[in-house]
Amino acid sequence: MSENTQGLSAEERAELEQLRAEKAAREQAARDRAERAELERLKAERDRKRAEAEKDAHARELRERNAKLMEPDDDLRMPVGQKVVLAVVFVAVVAIVCVMLFTH
């Protein structure tokens, strides 16, 4: 009992300090690993959002370009895309008619 009531010996105190230092080092390493994992997760999330934003911008650009080609302008002139489609259809009809007329 007398050993329990007395303070720690110098050797015990040194061992306690060493164990505390080891515990602190383990806890710091765990915090470092958690922070590294959080950093990687946040970078991945940022990159994913950036890629989505670029994809959305590209899709919006395509929609705008297609709208320019296929929708009438403010003066209600026929857009270039519709003119091209009509020209292709006309050429196909002429070709079919010529084939029908000249094969018999």
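From a predicted model like this one, the values you see are computed outputs, not experimental measurements.

1. With respect to the overall build of the protein chain
Then, in step 1: Within the protein chain one finds 3 helices and 0 strands.
Then, in step 2: Starting at the N terminus and ending at the C terminus, the protein chain contains elements arranged as α-α-α.
Then, in step 3: For the protein chain, the C-alpha radius of gyration of 39 Å lies well beyond 13 Å, the compact-globule estimate for 104 residues.
Then, in step 4: Overall, the C-alpha framework of the protein chain stretches about 125 × 40 × 15 Å when taken along its three principal axes.
Then, in step 5: Residues counted as buried form 2% of the 104 residues belonging to the protein chain.
Then, in step 6: Of the roughly 9,800 Å² of accessible surface on the protein chain, a fraction of 59% belongs to carbon and sulfur atoms.
Then, in step 7: Measuring between centres, the 20 positive side-chain charges of the protein chain sit 5 Å from its 22 negative side-chain charges.

2. Observations concerning the pattern of salt bridges
Then, in step 1: Tallied over the full model, the rule gives 5 salt bridges.
Then, in step 2: Here glutamate 17 makes a salt bridge to arginine 20, at a shortest N to O gap of 3.3 Å. One end of the pair is glutamate 17 and the other is arginine 20, both in helix 2 (residues 10-70) and 3 residues apart, which spans about a single turn.
Then, in step 3: With a closest N to O distance of 3.4 Å, arginine 65 and glutamate 61 form a salt bridge. One end of the pair is arginine 65 and the other is glutamate 61, both in helix 2 and 4 residues apart, which spans about a single turn.
Then, in step 4: You can call arginine 65 partly exposed: its relative accessible area is 43%.
Then, in step 5: The partly exposed category is assigned to glutamate 61, whose relative accessible area is 45%.
Then, in step 6: The network of salt bridges with shared partners includes Arg46, Asp47 and Arg50.

3. Some thoughts on the confidence of the model for the protein chain
Then, in step 1: Per-residue confidence for the protein chain gives a mean pLDDT of 90, with 94% of residues at or over 70.
Then, in step 2: When pLDDT is averaged over each helix and strand of the protein chain, the minimum, 53, is found for helix 1 (residues 2-5) and the maximum, 95, for helix 2.

4. Side note on a nonpolar patch on the surface
Then, in step 1: Judged by side-chain polarity, Leu69, Met70, Val80, Val84, Val85, Val88, Val89, Val93, Val97, Leu101 and Phe102 come together as a nonpolar surface patch covering roughly 1,000 Å² of accessible area.
Then, in step 2: Counting only elements with at least two residues in the nonpolar patch, the list comes to helix 2 and helix 3 (80-102).
Then, in step 3: With 9 residues, helix 3 is the largest single contributor of residues to the nonpolar patch.
Then, in step 4: Within the secondary structure layout, valine 88 lies in helix 3.

So, how was this worked out
Residues numbered from 1 in each chain as written. Predicted model: local features only at pLDDT ≥ 70, side-chain atom pairs only at ≥ 80, totals over all residues. Heavy atoms only, no water. Helix = DSSP H or I, 4+ residues; strand = E, 2+ residues; numbered from the N terminus. Rg over C-alpha atoms; globule rule 2.2 N^0.38 Å. Buried < 20%, exposed > 50% of the residue type's maximum accessible area, 1.4 Å probe, protein only. Areas by Shrake-Rupley, 256 points an atom, 1.4 Å probe, with all protein chains shown as cover. Lys, Arg positive; Asp, Glu negative; His and termini not counted. Charge placed at Lys NZ, Arg CZ, Asp CG, Glu CD. Salt bridge = Lys/Arg side-chain N within 4 Å of Asp/Glu carboxyl O. pLDDT = per-residue confidence, 0-100. Patch = residues over 30% accessible without salt bridge, like charges linked within 9 Å, V, L, I, M, F, W, Y side chains within 5 Å.

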